Amino acid sequence: MKWLLGILINGVLFIAISGYFDEAFYVSGFGAALGASFILSVLNILVRPVLIILTLPVTVLSLGLFLFVINAFTLMVTDSLMGSSFEIEGFGMALLTAVIMSIASLIIQNTLLRK
């Protein structure tokens, strides 16, 4: 249930970020946002752990900030897999999106899943 809620939250965040950065970040609709969110979650399950292990020394030296670069990389892979319905202009925008999504998702999920 938490996984589906995370996909829905990320989809809403994609739409919100797309509305704020309309030229650098494009999502064609809510369906595309949910599709991108699903692809991103699958990449986070399959690819992200491998990337974290491979970049562990850099991640430790940067005190964990390199994880934002890994998140930006997975966003760029999501962009390439989604085609023209989900577009991120460059790596800088992907990095900014990763930071915004991490902070917003943390706040939203802690608020909704608090018992």
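Structure shown above.
Residues numbered from 1 in each chain as written. Predicted model: local features only at pLDDT ≥ 70, side-chain atom pairs only at ≥ 80, totals over all residues. Heavy atoms only, no water.

1. Notes on the environment of Ala36
Among the secondary structure elements, Ala36 is positioned in helix α2 (residues 30-46). Here Ala36 falls in the buried class, since its relative accessible area comes to 0%. For the pair Ala36 and Leu75, spaced 39 residues apart in sequence, the C-alpha separation works out to 8.8 Å. Every residue in contact with Ala36, bar those within four places of it in the chain, is listed here: Phe14, Thr78, Met82 and Phe86. (Helix = DSSP H or I, 4+ residues; strand = E, 2+ residues; numbered from the N terminus. Buried < 20%, exposed > 50% of the residue type's maximum accessible area, 1.4 Å probe, protein only. Contact = heavy atoms within 4.5 Å.)

2. Focus on the packing of helix α1 (residues 2-20) against α2
Between α1 and α2, the least distance of the axes is 8 Å, while the angle of their chain directions is 125°. Taken together, the axis directions place α1 and α2 in an arrangement best described as oblique. Our pair here, α1 against α2, has a crossing hand that is right-handed. Residue-level contacts link Trp3, Gly6, Ile7, Leu8, Asn10, Gly11, Val12, Phe14 and Ile15 of α1 to Phe30, Ala33, Leu34, Ala36, Ser37, Phe38, Leu40, Ser41 and Ile45 of α2. (Axes fitted to C-alpha atoms, helices over the stretch in contact; angles between N-to-C directions. Parallel < 35°, antiparallel > 145°, perpendicular 65-115°, else oblique. Left-handed = near helix turned anticlockwise from the far one by under 90°.)

3. Observations concerning the packing of aromatic side chains
Under the counting rule described, the total for this entry stands at five aromatic pairs. With 5.0 Å between their ring centres and 65° between their planes, Phe14 and Phe86 make a pair best called edge-to-face. A residue pair is termed long-range when its members are at least 10 positions apart, and Phe14 in helix α1 and Phe86 in strand β2 (residues 86-88) qualify at 72 residues. An aromatic cluster of three or more residues is present, and its members are Phe14, Phe25 and Phe86. (Phe/Tyr/Trp six-rings, centres within 6.5 Å; stacked < 30°, edge-to-face > 60°.)

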